[in-house]
Amino acid sequence: MGSAAIELKGITKRFGSVVANNNVNLSVSHGEILSLLGENGSGKTTLMNMISGIYHPDEGQIFINGREAVITSPRDAYDYKIGMIHQHFKLVDVFSAAENIVLGLNDNRKFNVNEVSQRVAQISEKYGFDIDPRKKIYQMSVSEKQTVEIIKVLYRGADILILDEPTAVLTPQETQKLFAVIRRMRDDGKAIIIITHKLHEVLSVSDRVSVLRRGEYVGTLETAKTNETELTEMMVGKKISLNIARSEPKNTADRLVVNNIRCLSREGVTLLDNVSFTARSGEILGIAGIAGSGQRELLEAIAGLQHIDSGEIIYNNPKTGAADNLRDKTPLQIRDLGVRLSFVPEDRLGMGLVGNMDIVDNMMLRSYRRGKGVFLERREPRELADRIIDQLKVVTPGTSTPVRRLSGGNVQKVLVGREIAAAPTVLMAAYPVRGLDINSSYTIYNLLTEQKESGVAVIFVGEDLDVLIELCDRIMVIGGGKITGIVDARRTTKEEIGLLMTKTDGGQINE
Amino acid sequence: MSEKTKHSEPLLRISKRDGLIWWKSWLVRAAAVALALVLCSVIIILITGYNPVQVYSAMIRGSFGTARKFWIMLQNLAMLLCISLAVTPAFKMRFWNIGAEGQVLVGGLATAAVMFYVGDRLPTALMIVIMLAASLAAGIIWAMIPAFFKAKWNTNETLFTLMMNYVATQLVSFFIMIWVPSGSSVMGIINQNSRAGWLPELFGQKYLLNIIIVAVITVAMFIYLKYSKQGYEISVVGESENTAKYIGINVKRVILRTMGLSGALCGVAGFLLVAGTNHTITTTTAGGMGFTAIMVSWLGKFNAGIMVVTSFIIVFLQRGAGEIATKFNLNQSVADILTGIILFFIIGCEFFVNYKINLRKSQKEGK
Amino acid sequence: MISTIASFINAAIIQGIPLLYGATGEIITEKSGNLNLGIPGIMYIGGISGIVGGYIYEYYTPEPVAALCILIPLLSSLLASALMALIYSFLTITLRANQNVTGLALTTFGVGVGNFLGGSLQSFFGKSGSISLLTTGNYFKTALPFADDLGDFGKVFFSYGFLAYLAVIIAIAAGFILNKTRVGLNLRAVGESPATADAAGINVTRYKYVATCVGGAVAGLGGLYFVMDYIAGAWTNDGFGDRGWLAIAIVIFALWKPNLAIPCSFIFGGLYIICTYIPGLSSAAKELIKMLPYLVTIVVLIVISARKRRENQPPAHLGLPYFREER
């Protein structure tokens, strides 16, 4: 390849002890679309952030048009004609599209809405966008906002475009439109990188595909010469045996029955669509799926934190035998029904724990209402804190240390320890081992298995398929807010789950 | 590597500290106060030409010179502390109540109204109970109005409470005009002869009762915030609304309840100022303490114990500056200047407690 | 009757001018995301520094020249106010201190400095009595020459000192810059979403510093107008009163738009003095009328929060610190 538009050689980036990217190589030419494929946490976004000047690589070189480039800020990236379209749009809500497009530009032009609009119209015509430059961002749909982001980088003369999960927020129709635009940009000689984990998209739009797995560069293939199975294998890797101890479920009973629930966001976007499943006592139900497919909303709906538009959540109380509907109940009302529901949320320090409080005070979050008096009872929480520190080997200077100063693994032990201490009948854990080292992870696996063996219905949202397959009894796959399949964890394969994870959208496109 | 690569990291990199050991952070703060005091005295010396010893001794005499000065200092300290305690629960909840000035004023107005209209027709004890109840109610209403809109529509509470201050000021002017027919717009001492509704003197000390009451409030607030369930809820809401919802706290109710408490205590402060200290009401009865209290509370880290110290520093400085002004024939406003300077230093030093500055060089070595 | 109305409008505008300076200054500041509650203090500083500048000039010069009589107080006022705003900027932007607390401390300090210097300036120069800079004051007060010939019309439109016209010009210019130029666009982006502005290559820190200091300087002129024009080169302690806070109220009332701040300031100025123009008002009722500006502001605040019209909201990042996320 003569001189690639952009070429990465041996890029390595570490955050503390975590290696986000290790010795990654890839290149894109002008007039080419490259897909960057990988699971969540495989280091795709980190890599692209280094190209767009947000992070600096610890090792390795970046070449632009054959010459080494040093990109230290977003501004530098613009100067190299690199434009990044982030997953979370960077737009000012109260500004019009035109205002956002010229924001921060320093081209010595007078700010003239008509002139900007004209240039925007030119770009739109060239690539087939459909946008009103005077429309305010807050009045726009997600896809319109994305269009503004793309025009924004084109307006700045970008030759190399990076799109971070551009289809995650789009409907199938919008996705098709976007791909048409992307192809037109390629034909115009732009170099394009699409970050994605959707296989069918890779196959339908890109010329070549590079795969990352756990921060490592796996390889690059010509799209025309590959297929879904090969890519899935590259993406998920060979099955790794983790030797997680798993027992056979005993005395299972339907504990939580979710029937056809549907949730809409305030903007009317469907978050959960017709979700139905049953969580049984004495069993771990795994939930697999691309991040942001509705896992968080599902757990929060069950916990009483997410408004449900239709459907029902039935809890079969093992003590009273009653079947209560938890829909539209507050967390407190759920508790008052005698439902012992524990929830380890994804956002540990922003939701599950209070970072500035010490371990004892965090223990009280669930239990502080206990007792009649107006004063807090700290004796029991203190004992609980000591017990958790002791049993789960939490490394901390003491019970009075603010939890934000603990390491990620220890924070998680504190949180999981507290939730388990409430003697739940249902335990929901979202990504409980994210960011944890091996030993802490196994501590968590063992805790979950113990809970299962003591008759708790455990719901485990995970991202590592190896873990899901070895830890869980059944695995439910969620994609785009829908359940795409429930499989037996003892018989399934990573490939099967991987395909289910990416399935729905593909199916929808052909509708 | 090219020359440019070497500068890919910025020269100064600021990062959050994991937390300074407590004595180190207090050392930083003490150093800031000391530095501010030095700067203050340099300014005074430049203005007056007197030597530092004279200036400092005058400053100390302002608070400790005579028994009377000492009592006045304690009284000022008590009132500032009382208002600071009042705004603290709201701040802890991250609700910017900068309307303490107005809440104190309406509290005082309510007390003055009872004193004015009831006169000496009721027994003192009953009268004081009515006055207190009226002040509490007035303070609560004044604080709940912005809180209600905050909870309902997320109306900006900083600007709202700020505006409420001036509505309160005008309300006081209005009533003074009604109560004083001569149109002199000065209320004068209420019930001068009958002393009806005046708080009693304890052991011959006019201010002692005020001071004791505030001392009790201080302890109570400390306990409330640290050991009560409601205090705990306030902390959780302030730290993270998400966590509060996660554990089932009704955030709106906590906002209303806490602002009610905040207003109630401001009402008490107004009551003490009118019934105990001044026996009259003016538009400046709160005297800017409602604003100073915000800074006291913030600098005291919402901890009632530390707030005793911060309000002492400020009152000491104001009394000292007043003494210097009298002695050297200066304008009394010198106190505000010194307060301002010391506040700048204390506000600024928090940065060095919370952040550390890494030079590029030292960072490379660290790798 | 007409002449009463004319003199009312005239008085309302005179009262409105300091408010307009304060409001324009605060709008510029708030557009960068800084809620500067130190504006009342800055306005005191703007006034007193003009007095000090003019005083020293008049004291050492037997025959003061008109140009310098105006220029010296003007420059000292601008400089001192900007310096105050710089203190605020340094504490809140660089040292990341809380904006409310810093602003209030700045107001305490500014009012203190104003009253202190105003009350002691004479004694520093070995004189007694209160300050009176008649010469300087007269230059500031000089109206357009043909104002008197035009009767009521002249009174309403041409009878003011140059600072009054400057206030309107600055407000219009601020409106133009904010809405029609790149700099204004960037500034608004900083106040709305500093992270977005940062990603677009805008130097957020610099914008915040410059906007806050320029805003402070503009607000300070309000104090200068008050002491030089309104009370003709004199100083009374606390004479400026709560006008600084009223200016902050106008910012809300004008929905953060400098152009709207012009009529709003005059309305508020009118409300400030309307009671003296309504015959037969009791002195108590006058006090209630003075409450109106604040009540109206509160109503506006509630209405905009309830209606949630995006164009009328405070800058989204107002009052919050910004620093680039570190990992």
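Within each chain, residues carry numbers counting from 1 in the order of the written sequence. Think of it this way: whatever chain is written first is A, whatever ligand is written first is 1, and the rest follow in order. Per-residue local features are limited, in this predicted model, to residues with pLDDT of at least 70; the limit for side-chain atom pairs, both in listing and counting, is 80 or more; totals at the level of whole chains, interfaces and linings are taken over all residues. Water and hydrogen atoms were dropped before computing side-chain values, which therefore reflect all heavy atoms in the structure.

1. Details of the overall build of chain A
Across its full length, chain A holds 17 helices and 20 strands. Here the globule rule is a power law, 2.2 Å times the number of residues to the power 0.38, and the radius of gyration is based on C-alpha atoms. Against the 2.2 N^0.38 benchmark of 24 Å for 511 residues, chain A shows a C-alpha radius of gyration of 25 Å, consistent with a compact globule. Each principal axis of the C-alpha atoms in chain A carries an extent, and together these give about 70 × 50 × 45 Å. Relative accessible area decides the class of each residue, using a 1.4 Å probe on protein chains only: under 20% of the type maximum gives buried, over 50% gives exposed, and in between gives partly exposed. Counting every position in chain A, which comprises 511 residues, the buried fraction comes to 57%. For chain A, contacts bridging at least 24 residues in sequence account for 68% of all contacts bridging at least 6. When the accessible area of chain A is evaluated, it comes to approximately 21200 Å², of which 45% is carbon and sulfur surface. Asp and Glu are treated as the negative residues and Lys and Arg as the positive ones, with His and the ends of the chain left uncounted. Where a charge lies is defined by one atom per residue type: Lys uses NZ, Arg uses CZ, Asp uses CG and Glu uses CD. In chain A, which carries 64 positive and 65 negative side-chain charges, the distance between the mean positions of the two groups comes to 3 Å. Secondary structure elements are taken from DSSP: a helix is a run of H or I of four residues or more, a strand is a run of E of two residues or more, and numbering for both begins at the N terminus. Contacts between residues were defined by any pair of non-hydrogen atoms, one from each residue, lying within 4.5 Å. Computed with a 1.4 Å probe, the accessible areas rest on the Shrake-Rupley method; for each residue, only the protein chains presented here act as cover.

2. Things to note about the sheet that holds strand β17 (residues 426-430) of chain A
Residue and element names in this part refer to chain A. We call two strands paired when DSSP finds no fewer than two bridges between them. Strand order in this open sheet of six strands is β16-β17-β18-β13-β19-β20, and the pairing throughout is mixed. Only two strands of the sheet have a single neighbouring strand rather than two, namely β16 (341-344) and β20 (482-488). Between one strand axis and the next, the sheet turns by 15 degrees as a mean value, whatever way the strands run. Here β16 runs beside β17; their pairing, made up of four bridges, is parallel. Bridge pairing in β17 places V344 opposite A429. Taken strand by strand, helix α14 (residues 408-421) contacts β16 and β17, and its axis lies near 170 degrees from that of β16. Where helices are involved, their axes are fitted lines through C-alpha atoms of the stretch in contact, as for all axes, and angles between N-to-C directions lie from 0 to 180°.

3. A look at the nonpolar core
Each nonpolar core is a collection of buried residues, namely Ala, Val, Leu, Ile, Met, Phe, Trp, Tyr and Cys, held together in the definition by side-chain atoms within 4.5 Å. Ranked by size, the top nonpolar core spans 339 residues in total, and within it A:L161, A:I182, A:F277 and A:I475 carry the most contacts. Per-element tally for this core: the top contributor is helix α3 (residues 67-92) of chain B, with 14 residues. If we skip the residues at most four places from it in the chain, A:L161 touches A:G83, A:I85, A:I150, A:V153, A:L154, A:M185, A:K190, A:A191, A:I192 and A:I193.

4. Observations regarding the interface of chain C and chain B
Facing the 49 residues of chain C at the interface are 44 residues of chain B. Once two parts are joined, some of their accessible surface, as seen by a 1.4 Å probe, is lost; buried area is that loss totalled over both. Carbon and sulfur atoms supply 79% of the area that chain C and chain B bury against each other, a total of about 4200 Å² over both sides. Salt bridge, as used here: a side-chain nitrogen of Lys or Arg that lies within 4 Å of a carboxyl oxygen of Asp or Glu. Inspection of the chain C/chain B interface yields zero salt bridges. Side-chain atoms alone can form a polar contact between residues adjacent in sequence; in general such a contact is a pair of N or O atoms within 3.5 Å, and within protein one must be able to donate a hydrogen while the other accepts it. Run the count over chain C and chain B and you get four residue pairs in polar contact (both at pLDDT 80 or more). At the level of secondary structure, the elements contributing two or more residues to the side of chain C that touches chain B comprise α3 (66-94), α4 (99-124), α11 (243-253) and α13 (283-307) of chain C. Residue classes follow a fixed rule: Ala, Val, Leu, Ile, Met, Phe, Trp, Tyr, Cys and Pro count as nonpolar, while Asp, Glu, Lys and Arg count as charged, and any other residue, Gly among them, counts as polar. Split into classes, the residues belonging to the side of chain C that touches chain B amount to 30 nonpolar, 13 polar and six charged.

5. Here's the deal with the interface of chain B and chain A
Every contact between the two is made by 25 residues of chain B and, on the other side, 37 residues of chain A. On the chain B side of the contact with chain A, B:K229, B:Y232 and B:Y246 bury the most area, a combined 35% of that side's loss. Joining chain B to chain A, the criterion identifies zero salt bridges. Here chain B is connected to chain A by 19 residue pairs in polar contact (both at pLDDT 80 or more).

6. Thoughts on the pattern of salt bridges
Oppositely charged side chains can pair when the atoms bearing their charge come close. Residues and elements named next belong to chain A. Counting across every chain of the model gives 37 salt bridges over all chains. Note that D273 and K482 form a salt bridge whose closest N and O atoms lie 4.0 Å from each other. Here D273 is found in strand β12 (residues 270-280), whereas its partner K482 is found in strand β20, with 209 residues between them in sequence. One salt-bridge network, held together by shared partners, links R214, D464, D466 and K494.

7. Here's the deal with the environment of A:T147
Residues and elements named next belong to chain A. Position of T147 relative to the elements: it lies in helix α5 (residues 142-155). Residue T147 is classed as buried on the basis of its relative accessible area of 14%. Separated by 222 residues in sequence, T147 and R369 have C-alpha atoms that sit 50 Å apart. Excluding residues that lie within four positions of it along the chain, T147 makes contacts with F129 and I131. At a separation of 2.8 Å, a polar atom in the side chain of T147 contacts the main-chain carbonyl oxygen of S143.

8. Remarks on the packing of aromatic side chains
Pairing of aromatic rings covers Phe, Tyr and Trp, the last counted by its six-membered ring, and requires centre-to-centre distances within 6.5 Å; plane angles under 30 degrees mean stacked, over 60 mean edge-to-face, and any other angle means tilted. As enumerated under the stated definition, the model contains 36 aromatic pairs over all chains in all. For the ring pair B:F116 and B:Y117, a centre distance of 5.1 Å and an interplane angle of 80 degrees mean the geometry is edge-to-face. Residue B:Y117 is classed as partly exposed on the basis of its relative accessible area of 45%. An aromatic cluster is built from B:F64, B:F70, B:W71, B:F312 and B:F316, whose rings are joined through pairwise contacts. Lysine NZ or arginine CZ positioned within 6 Å of the ring centre and within 35 degrees of the ring normal marks a charge as sitting over the ring. Looking at A:R156, its charged tip hangs above the ring of A:Y78, at a distance of 5.1 Å from the centre. Above the ring of C:F240, the side-chain terminus of C:R243 is found at 6.0 Å from the ring centroid.

9. So, helix α12 (residues 258-273) of chain C
Residue and element names in this part refer to chain C. Helix length check: α12, at 16 residues, gives a terminal C-alpha distance of 23 Å against a target of 22 Å (1.5 Å per residue), a fit within 8%. For α12, every residue scored as buried is listed here: P258, A261, I262, C264, S265, F266, F268, G269, G270, L271 and I273. If you follow the buried residues of α12, they end up packed against α1 (2-31), α7 (162-180), α11 and α13. One less than the residue count of a helix, multiplied by 1.5 Å, gives the span that helix is expected to have.

10. Focus on the domain arrangement of chain A
Looking at the assigned domains, one finds that chain A contains domain 1 (4-236), domain 2 (238-338 + 425-511) and domain 3 (355-422). For the domain bounds, the source is a domain assignment made automatically or taken from a database. The straight-line distance from the C-alpha centre of domain 1 of chain A to that of domain 3 of chain A is 43 Å.

11. Some points on the confidence of the model for chain A
All names here are of chain A. For chain A, per-residue confidence averages 84 on the pLDDT scale, and 95% of positions sit at 70 or higher. Looking across chain A, the model is least confident in helix α17 (residues 494-509), with a mean pLDDT of 64, and most confident in strand β18 (residues 457-461), with 94. Per-residue confidence from the predictor is reported as pLDDT, which spans 0 to 100. Here residues 505-511 is modelled with pLDDT under 50, and outside its nearest four sequence neighbours on either side it reaches eight contacts, counting other chains as well.

12. What to know about the sheet that holds strand β11 (residues 254-264) of chain A
Residue and element names in this part refer to chain A. Sheet architecture is open: four strands sit in the order β12-β11-β14-β15, paired in antiparallel fashion. Where the open sheet ends on each side, the last strands, each with one partner, are β12 and β15 (323-325). Each strand of the sheet is rotated relative to its neighbour by a mean of 20 degrees, with strand direction disregarded. Sitting on the sheet, helix α9 (residues 295-303) touches β11, β12 and β14 (310-316), and the angle it makes with β12 is about 65 degrees.

13. Quick notes on a nonpolar patch on the surface
Patches here are clusters of residues that have more than 30% relative accessible area and form no salt bridge, with a 9 Å joining cutoff for like charges and a 5 Å cutoff for nonpolar side chains (Val, Leu, Ile, Met, Phe, Trp, Tyr). A cluster of nonpolar side chains, namely A:V374, A:F375, B:V219, B:F222, B:I223 and B:Y227, defines an oily patch on the protein surface of about 530 Å² accessible area. Tracing the chain through its elements places B:F222 in helix α7 (residues 208-227).

14. Quick look at the packing of helix α11 (residues 289-299) of chain B against helix α12 (residues 304-327) of chain B
Packed helices, taken two at a time, are described by the angle their axes make and the gap between the axes. Residues and elements named next belong to chain B. Relative to each other, α11 and α12 sit at 135 degrees, their axes nearing to 8 Å. Comparing their axes, α12 and α11 come out oblique. In the packing of α11 onto α12, the handedness of the crossing is right-handed. Within the contact between the two elements, α11 uses T292, V296, S297 and L299 and α12 uses M307, T310, S311 and I314. Put simply, angles under 35 degrees are roughly parallel, angles over 145 are roughly antiparallel, angles from 65 to 115 are roughly perpendicular, and the rest are oblique. Note: crossing handedness is left-handed where the near helix turns anticlockwise from the far helix by less than a right angle, and right-handed where it turns clockwise.

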